[in-house]
Amino acid sequence: MDSESRAAAGLLAAMSRAAATFDELRHPFVRREPLTYFQPAGWTTGVLFTLPDGRMVRFSVSFAHSETFFHVSGEAMVEERPLVELPTKSTESIHEALDLLDGHVGEVVSPARWLLDQLLEEITET
């Protein structure tokens, strides 16, 4: 297998890991739906939660490719307000980009349960 084929296989594996990690993200009191979409030269995956008051909370990571760089970003947003906003990181190396992607997934998912609990608490206080 040549290096481009290995890179493509690595990207597919990283996409699968990211989607699986977001698929495991659940909260007992909040409705959820998976989020994955493809755009030219990139994709986004994550999960969308709907709070009891109707607000949408999105946890996601994005991966894109431009002429010579790979770009990785991640975020958690409630409506338009950022809860977690990771700066977009760019690299020329596909292997470094895949490592960045794995790290971004962890940084977005790890505080998710706590963030959802905080948002639910805000609703009950009003």
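To be clear, the structure that these remarks concern was listed above.
Keep in mind the model is a prediction, meaning the values are calculated, not measured. Starting afresh in each chain, residues are numbered from 1 along the sequence in its written order. Selection of residues for local features in this predicted model requires a pLDDT of at least 70, selection of side-chain atom pairs for listing and counting requires 80 or more, and totals for whole chains, interfaces and linings are taken over all residues. With hydrogens and water stripped out, all remaining heavy atoms of the structure feed into the side-chain values.

A. How the structure looks around the packing of aromatic side chains. Any two of the Phe, Tyr and Trp rings considered here, Trp counted by its six-membered ring, make a pair once their centres fall within 6.5 Å; the pair's planes then place it as stacked at under 30 degrees, edge-to-face at over 60, or tilted in between. Taken as a whole and judged by the stated rule, the model has three aromatic pairs. For the pair tryptophan 43 and phenylalanine 63, a centre-to-centre distance of 6.3 Å together with 20° between the ring planes defines the contact as stacked. Here the residue tryptophan 43 occupies a position in strand β2 (residues 42-50), and phenylalanine 63 occupies one in strand β3 (residues 56-65), the gap between them amounting to 20 residues. Exposure is judged per residue with a 1.4 Å probe applied to protein chains only, and the accessible area is read against the type maximum: over 50% gives exposed, under 20% gives buried, and values in between give partly exposed. Using a relative accessible area of 4% as the deciding quantity, one classes tryptophan 43 as buried. Consider the rings of phenylalanine 49 and phenylalanine 59, whose centres lie 5.8 Å apart with planes at 85°: the pair is edge-to-face. On the criterion of sequence distance, the pair formed by phenylalanine 49 in strand β2 and phenylalanine 59 in strand β3 is long-range, its members being ten residues apart. Per residue, the accessibility class of phenylalanine 49 equals that of phenylalanine 59, and both read buried. Helix and strand assignments follow DSSP, with helices taken as H or I runs no shorter than four residues and strands as E runs no shorter than two, numbered in order from the N terminus.

B. Molecular detail of helix α1 (residues 3-24). Here the expected length of a helix is defined as 1.5 Å per residue gap, with one fewer gap than residues. Taking 1.5 Å of rise per residue, the 22 residues of α1 would be expected to cover 32 Å, and the 31 Å separating its terminal C-alpha atoms lies within 8% of that figure. Looking only at α1, the buried set comprises Ala7, Ala14, Met15, Ala18 and Phe22. Down the axis of α1, the buried set is contained in an arc of 100°. They therefore lie on one face. Looking at α1, the residues exposed on the side facing more than 90 degrees away from the buried face are Leu12 and Glu24. When checking whether two residues touch, look at their non-hydrogen atoms; a contact exists if any pair is within 4.5 Å. Taken together, the buried residues of α1 touch β1 (31-39), β2, β3 and α2 (94-109). In this description, one arc is meant: the one made by directions from the helix axis to the C-beta atoms.

C. Fine view of the pattern of salt bridges. Salt bridge, as used here, is a side-chain nitrogen of Lys or Arg placed within 4 Å of a carboxyl oxygen of Asp or Glu. Evaluated as defined, the whole model comprises six salt bridges. Across the salt bridge formed by arginine 26 and aspartate 23, the nearest N and O atoms sit 3.8 Å from each other. One salt bridge connects arginine 81 with glutamate 122, and the closest N-O pair in it is separated by 4.0 Å. Of this pair, arginine 81 sits in strand β5 (residues 81-91) while glutamate 122 sits in helix α3 (residues 112-125), and the two are 41 residues apart along the sequence. In this structure, a network of salt bridges that share partners links the residues Asp23, Arg26 and Arg32.

D. A look at the environment of glutamate 107. You can see glutamate 107 is positioned in helix α2. You can call glutamate 107 partly exposed: its relative accessible area is 42%. Expressed as a C-alpha distance, the spacing of glutamate 107 and leucine 86, which sit 21 residues apart in the sequence, is 8.3 Å. In this structure, glutamate 107 is in contact with Val84 and Leu86, ignoring residues within four places of it in sequence.

E. Examining the pairing of β5 more closely. At least two bridges found by DSSP between two strands are what make those strands a pair. Both strand β4 (residues 70-78) and β5 contribute to a ladder of eight bridges, which runs antiparallel. Paired with valine 72 across the strands is lysine 89, a residue of β5. The loop that links β4 with its antiparallel partner β5 comprises two residues; one of these, glutamate 79, has a positive phi angle of about 55°.

Taken by themselves, the reported measurements are silent on function.
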